[in-house]
Structure formats: structure tokens, C-alpha cells
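Coordinates in review
Residues per chain are reported as follows:
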Amino acid sequence: MSDVSLPVGHDLTETSSLRRAIDWRGAFWVASGVPALVLFSIGGISAMVGNLAFLVWAASMFMGFIQSFTYAEIAGLFPNKSGGASVYGAAAWVRYSKFIAPLSVWCNWFAWSPVLSLGCTIAAAYILNAFAPIPAANSPEVMGWIAAHGASIAGGQQAQITAAVAALTPAVRNWTLFSHTLGPVGFSFNATFFIGAAIMLMTFAIQHRGILGTANVQKYIGLLVIIPMLIVGVVPLLNGAVHASSFSPLAPMNAAGTGPLAGAWHINNWTMILGAMFIAAWSTYGFETAVCYTSEFRNPGTDTFKAIFYSGLLCLALFILVPFTFQGALGLTGMLDPSIASGAGVAAAMAHMVGGGAMINAIMVMLMILALILSIMTAMAGSSRTLYQGSVDGWLPRYLTFVNAHGAPTRAMWTDLCANLLLLAVASTDATSFFFILAVSNVGYIIFNFLNLNSGWIHRMDSGQTHRPYRAPNWLLGLGGLFAFVNAMFLGAGAKTWNPDALWAGFGFAALIIPVFCFRHFLQDKGKFPEQMLEDLHVGGSGDTTTKRAGFLPYLTLIGGVAVVLVSNWFFHL
């Protein structure tokens, strides 16, 4: 592990830069797509922990809110940077290792970026359900087909229903241009892929106009999504749709996954709970993206804290209310419905919860599509700026530094787009492939959170006298550092509950930053960091970039984090 090299006069100022065009409210609306992430895994978590699901969401959201105070402090140290907490945290780790710092940026990018492909997969499924629905087994169409053709089908009533549904299913639902398997997953260029790709390109076109245009569009979409989510979270509490029996017994799923556990909890039950906490973190911690836009704030000193704090309050309300009312209204049986796990049946469930008919169901479908588009826009805005700032700071290839006339980092956005078109082909194949991408993505997210929660106290030790627009209370900073190790336990124990290869695949993808960084740092920059990054590292002009007042503690922290992951992976089993 080596010290930071001295600057050699190379900078990246030949291109235009991001524009200071928004205040904290703009960032709030850009981050307003985060609550919709609850819809990605609300069914999967219920299938894993049963009646404990609402508590998992609440506990995870509480941890995310506490952690956000650390991110608010470190973001305020760098008013000229964008890209989010990973970039601000990397500035703490670079004093101790050239290779740990870019790991933070890389892991944050591949944690956020797959929201594009996963969100487009679910949105495409809604569009297909609306225009080319698969008939229900008890629908009049199926009954009519059986009456006309059932006599020729052997195997009884169930075989006749299966044959009828297959015959009446629109051809587009089974159409595939090309498909194949690749390791633990498959990929397919099917109708879901092409519809999802169109949604992704539309999102790109909106974001091409810059952060101000993005924020203005997301404000109106956000209102159309947040208000119905609040209605769904509150109305069932008022109309008697929430039943106390839906939360009893307060126990995890049994080994067979068919109902609540009746006896004592075993190690595999705790493993499943940790697995649920692992995947919930991918959604509940996500509002930290509100600090991705520090260099685009008109007044970063005050806007940074307001953006993440108010975004956190919104998520605190929705991530607690929505899972609670969903579970209370649907019960465990309803939450285990395959359509809830896939996301395709969430809109119908929301309509049922507020007592609506066919018209309300159609409105909810449209709002669900808008909610998914909102989350996709949030992810593209944040992850592209992470790539941009990573390039400016010397972690990632130079070409990502370019921004267009509107101040949008278009080359980073194109990189996001191309990567997610590949992931979309995987995610659109089946539920196994979908959750594999989600789990691998979250491996990166937990690594990022571990590094950046610990960067808070490292910045305090190395740059303690530097002015901070917001200074987190010591106990919150310390609690964030403790939660970093709790997250490491979720990672070690929980990733394998979603896919046995997810943890190691995630580590493998994280390791790809080594050749990428070596290409940029040693080939493009000849072993020297850009002057602009080192100027920012002074944190307002105070302190020495090579000062390491934390001594051996950061290295000890890394060793402890790896140990927690490996021990948790060994101890907790299914």
C-alpha cells in the first residue's frame, strides 16, 4: 500500500464541467425515485422471512437513516465534487492505499447502475401485461377454449387449463430472437428486453438535457408516484384493510417455506433474516444518492445536508408504511403470490388495498410504470455522475470526463446504458437471473457502504480542523462505523441466500477495478494523480495530502471487515 504521488501538472479541465443549476429541492426530486425500490424486492423478502418482513424493512430503513448523517458530513467537505458518498469516501482512503479508494467508487457504480436494467425489466412486464396479457386460468376465454377443444386433451382438468392458457397466450410473450445460458444465469433477447431497452433510451434522452431538466421532469413524475404510495400506505389503515392476524405469529418462515415457524428458531432462520436485511439494504440505503450532486448545487454548504435529510425522511415514511400495509392487507399468503415476487402483480394488489375496481387497477398500473421510470432516472443520474467524478479524480478512464453543452456527463451515461443493455438481456430471462443480478449488485453496495461509513472517522482524524458545513454528532458517526460491520455480517451471511454464487461473483466483479485503475493511473497518468484531485484532497486548503493521522487503524478496519464477512459466511448456513 503506497502513499499518494505528487501532482505533475496534468488536469482534466479541457472539457466543460457540471453546472450549479439546482438547490436541495432539485436533488430531493432526483432522489425521489428511491422509495419505488421497495417494489423490487417486497415479495422476495416476504418469501424469505414471512411475517417478519415489515420489521426487516423498518430496521433496514432505520440503519440507512442513521448512516446518512455520516454521508452528509463528508459530502460537505467537497463542494466541488459530484458522484456521491463513494467519491467523498475515496478521498479519505487514498491517503492509505491507491487501490482501496477506486474500489469504493467502482462498487458504488455497479451497485446503483443495475437499477436501470432491473427497473426496465419490471416496467416492460407491466407493459406486456397491459397489451398482451396471459389469460387467467378461470377466465371466460379459457373456459370457452376448454369447451371447444377440451375433449381432445388427455390428463384431466388441469391439463386442459394448461393447454388453454398456452393456446390463448399472445405469441409475443413467448417470442425470443436469441437466448443462451451463461454460468449461473441465462440471457435472452425477447420482447421484455426490447421494451425495456426502449424505456432505457427514453430515460437517456431526458437526462441528456442536464440536471436541471432532469429534476424538473422528476418533480412531476415524483408527485404522481409519491402521493399514491402515501395513499396506499395510509388508506388501508383507515378503511380496515389491515388485519392484525397478518402479523401473527411473529416468526420467520419454516424450512419448507410454506408458513411461519411453529417451534424454536434455528441457525438457518437467522441466516434467512440476515439475507433479507442484506437485500433490503439495496433499497433502503439508496437515498444517499441525494448527495451525488454537490458540485451542481447553487449553495452546497446548506443544500447538501437538506437534500439527504429530507430525502431520508421521505424514505423513512414510505419504507415503513408501504411494507406494513402491504403485509397487513394481503397477509402472508398474498405476499407469497409469485406475481408479487416478480413485481408484476403489485399494482393489482395496491388497487385491492384501497378498494378500487378495474379503473383504479389501470391507474395503478400506469403509476407503477411511472414509479419504475422514476427509479431508473434516479439511478442513471447518480451512477453516471459517479463515473464522471471517478474519471476526474483519476480512478477511471479519461473518456468518462466529458460533459455536453447542458452539463450532462454523456459519455458516462452512454457507458451506463451499454452496460445495462447487457444486464437487461440477463434480467429479462427469469426470476433466478433477476435476483442474481440484484444480489451481485448489492455485494458491491455493501462494500461501498463499509468503506464510506468508515471514511467518516478517517476524515475526522486526518482533517479534523477543516470547516464542515454540517458536522454529525460523534455518537452518530460512531454508530455509522459500527453499522459498517453489521453490514459486513449481512454480506457474508446473506448474499448466498439469494444465489450460492452471488458473494463470490460480486467479489470478482469488484476486483475488476484493479486492471481498470491500473490502466488509468499507470498508463494514462504515468503513476501520478490529476492535480485537481489533489487540490480537492487538501479539503479547502488545509492539511497535507500525505498526512495519515489515523495510523494503522484503517488497515485494521479492513482486516476486521474481511474477517466478519468470512466468519459470517462460514457460521450462518441454510
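Residues numbered from 1 in each chain as written. Predicted model: local features only at pLDDT ≥ 70, side-chain atom pairs only at ≥ 80, totals over all residues. Heavy atoms only, no water.

As a further point, take the overall build of the protein chain. A tally of helices and strands in the protein chain yields 22 helices and 2 strands. Among the 574 residues that make up the protein chain, the fraction classed as buried is 59%. The long-range share in the protein chain, meaning contacts at least 24 apart out of those at least 6 apart in sequence, stands at 82%. Per element, the accessible surface of the protein chain, about 21,000 Å² overall, is 68% carbon and sulfur. (Helix = DSSP H or I, 4+ residues; strand = E, 2+ residues; numbered from the N terminus. Buried < 20%, exposed > 50% of the residue type's maximum accessible area, 1.4 Å probe, protein only. Contact = heavy atoms within 4.5 Å. Areas by Shrake-Rupley, 256 points an atom, 1.4 Å probe, with all protein chains shown as cover.)

Relative to strand β2 (residues 185-190), strand β1 (residues 176-182) is paired through 6 bridges, and the arrangement is antiparallel. In the strand pairing of β2, Leu-182 is matched with Val-185. Between the end of β1 and the start of β2, which pair antiparallel, lie 2 residues, with Gly-183 showing a positive phi angle near 65°. (Pairing = 2+ DSSP bridges.)

We now examine a nonpolar patch on the surface. On the surface, Met-461, Phe-552, Leu-553, Leu-556 and Ile-559 cluster together into a nonpolar patch covering about 480 Å² of accessible area. Top contributing element to the nonpolar patch by residue count: helix α22 (residues 553-571), with 3 residues. (Patch = residues over 30% accessible without salt bridge, like charges linked within 9 Å, V, L, I, M, F, W, Y side chains within 5 Å. Salt bridge = Lys/Arg side-chain N within 4 Å of Asp/Glu carboxyl O.)

Turning our attention to the environment of Leu-118. The residue Leu-118 is located in helix α6 (residues 115-131) in this model. Assessed through its relative accessible area of 0%, Leu-118 is described here as buried. For the pair Leu-118 and Leu-424, spaced 306 residues apart in the sequence, the C-alpha separation amounts to 6.9 Å.

This part covers the packing of aromatic side chains. In total, this model carries 38 aromatic pairs according to the counting rule given. In this structure an aromatic cluster arises from ring pairing among Phe-65, Phe-69, Phe-305, Phe-309, Tyr-310 and Tyr-470. (Phe/Tyr/Trp six-rings, centres within 6.5 Å; stacked < 30°, edge-to-face > 60°.)

Turning our eyes to something else, we now look at the pattern of salt bridges. Applying the stated criterion across every chain yields a total of 4 salt bridges. For the salt bridge of Glu-73 with Arg-460, the shortest nitrogen-to-oxygen distance reads 2.8 Å. In this pair, Glu-73 is assigned in helix α3 (residues 53-76) and Arg-460 in helix α17 (residues 431-462), connecting sequence segments 387 residues apart. The class of Glu-73 is buried, set by a relative accessible area of 1%.

With respect to the helices and strands, Asp-416 occurs in helix α16 (residues 410-427). At 8.3 Å, Arg-385 is the nearest oppositely charged side chain to Asp-416, a buried residue that forms no salt bridge. Excluding anything up to four places from it in sequence, Asp-416 contacts Trp-109, Ser-113, Leu-116, Met-380, Ser-383, Ser-384 and Leu-387. (Lys, Arg positive; Asp, Glu negative; His and termini not counted.)

In this section: the packing of helix α4 (residues 85-93) against α17. At a minimum axis separation of 8 Å, α4 and α17 run at an interaxial angle of 55°. Taken together, the axis directions place α4 and α17 in an arrangement best described as oblique. Crossing geometry of α4 relative to α17 is assigned as left-handed. Every residue of α17 that contacts α4 at Ala-85, Ser-86, Tyr-88, Gly-89, Ala-90, Ala-91, Ala-92 and Trp-93 is listed here: Phe-448, Leu-451, Asn-452, Asn-454, Ser-455, Ile-458 and His-459. Split by residue class, the contact of α4 with α17 holds 9 nonpolar, 6 polar and no charged. (Axes fitted to C-alpha atoms, helices over the stretch in contact; angles between N-to-C directions. Parallel < 35°, antiparallel > 145°, perpendicular 65-115°, else oblique. Left-handed = near helix turned anticlockwise from the far one by under 90°. Nonpolar A, V, L, I, M, F, W, Y, C, P; charged D, E, K, R; others polar.)

This brings us to the nonpolar core. The biggest cluster of nonpolar side chains holds 169 residues, and the ones touching the most others in it are Ile-45, Phe-278, Phe-326 and Trp-395. When residues of this core are assigned to their parent elements, the largest contribution, 17 residues, is made by α17. Not counting chain neighbours up to four residues away, the residues in contact with Phe-326 comprise Ile-42, Val-232, Gly-331, Met-335, Val-346, Ala-349, Met-350 and Met-353. One finds Val-142, Ile-146, Ile-161 and Val-165 within the second-largest nonpolar core, a separate group that totals 6 residues. (Core = buried A, V, L, I, M, F, W, Y, C linked by side-chain atoms within 4.5 Å.)

With respect to the element layout, Cys-518 can be found in helix α20 (residues 513-524). Among all residues touching Cys-518, those that are not within four sequence positions of it are Phe-99 and Leu-523.

Time to look at the confidence of the model for the protein chain. Segments scoring low in pLDDT should not have their predicted coordinates read at a detailed level. Predicted confidence across the protein chain gives a mean pLDDT of 84, with 89% of residues reaching 70 or more. The least confident element of the protein chain is helix α21 (residues 531-537), whose mean pLDDT is 69; the most confident is α22, at 97. Here residues 539-544 scores under 50 on pLDDT; set against residues more than four positions off or in separate chains, the count is 8 contacts. (pLDDT = per-residue confidence, 0-100.)

Relative to each other, helix α14 (residues 346-353) and helix α15 (residues 358-392) sit at 130°, their axes nearing to 8 Å. Taken together, the axes of α14 and α15 are oblique relative to one another. By crossing handedness, the relation of α14 to α15 is classed as right-handed. On α15, the residues touching Val-346, Ala-347, Ala-348, Met-350 and Ala-351 of α14 are Ile-360, Asn-361, Met-364, Val-365 and Met-368. Classifying every residue of the contact of α14 with α15 gives 9 nonpolar, 1 polar and no charged.

Positionally, Arg-95 belongs in the loop between α4 and α5 (100-112). In this structure Arg-95 is buried but unpaired, with Asp-462 as the nearest side chain of opposite charge at 4.2 Å. In this structure the side chain of Arg-95 is engaged in a polar contact, spanning 3.5 Å, whose partner is the side chain of Ser-463. (Polar contact = N/O pair within 3.5 Å; in protein donor to acceptor, adjacent residues only side chain to side chain.)

With that out of the way, let us pick up α17. Here α17 contains 32 residues, and its C-alpha end-to-end distance of 46 Å stays within 8% of the 46 Å for a straight helix at 1.5 Å per residue. By the largest-angle criterion, Gly-456 marks the main kink of α17, which is about 30°. Regarding α17, its N-cap is Asp-430, as a side-chain oxygen of that residue lies 3.3 Å from the backbone nitrogen of Thr-432 further along. (Expected span 1.5 Å × (residues − 1). Bend = angle between axes of the 7 residues up to and from the residue.)

By secondary structure assignment, the location of Thr-415 is in helix α16. Sequence separation of Thr-415 and Ser-384 is 31 residues, and the distance between their C-alpha atoms is 8.1 Å. With near-sequence residues (within four places) excluded, Thr-415 lies in contact with Leu-387, Tyr-399 and Leu-400.

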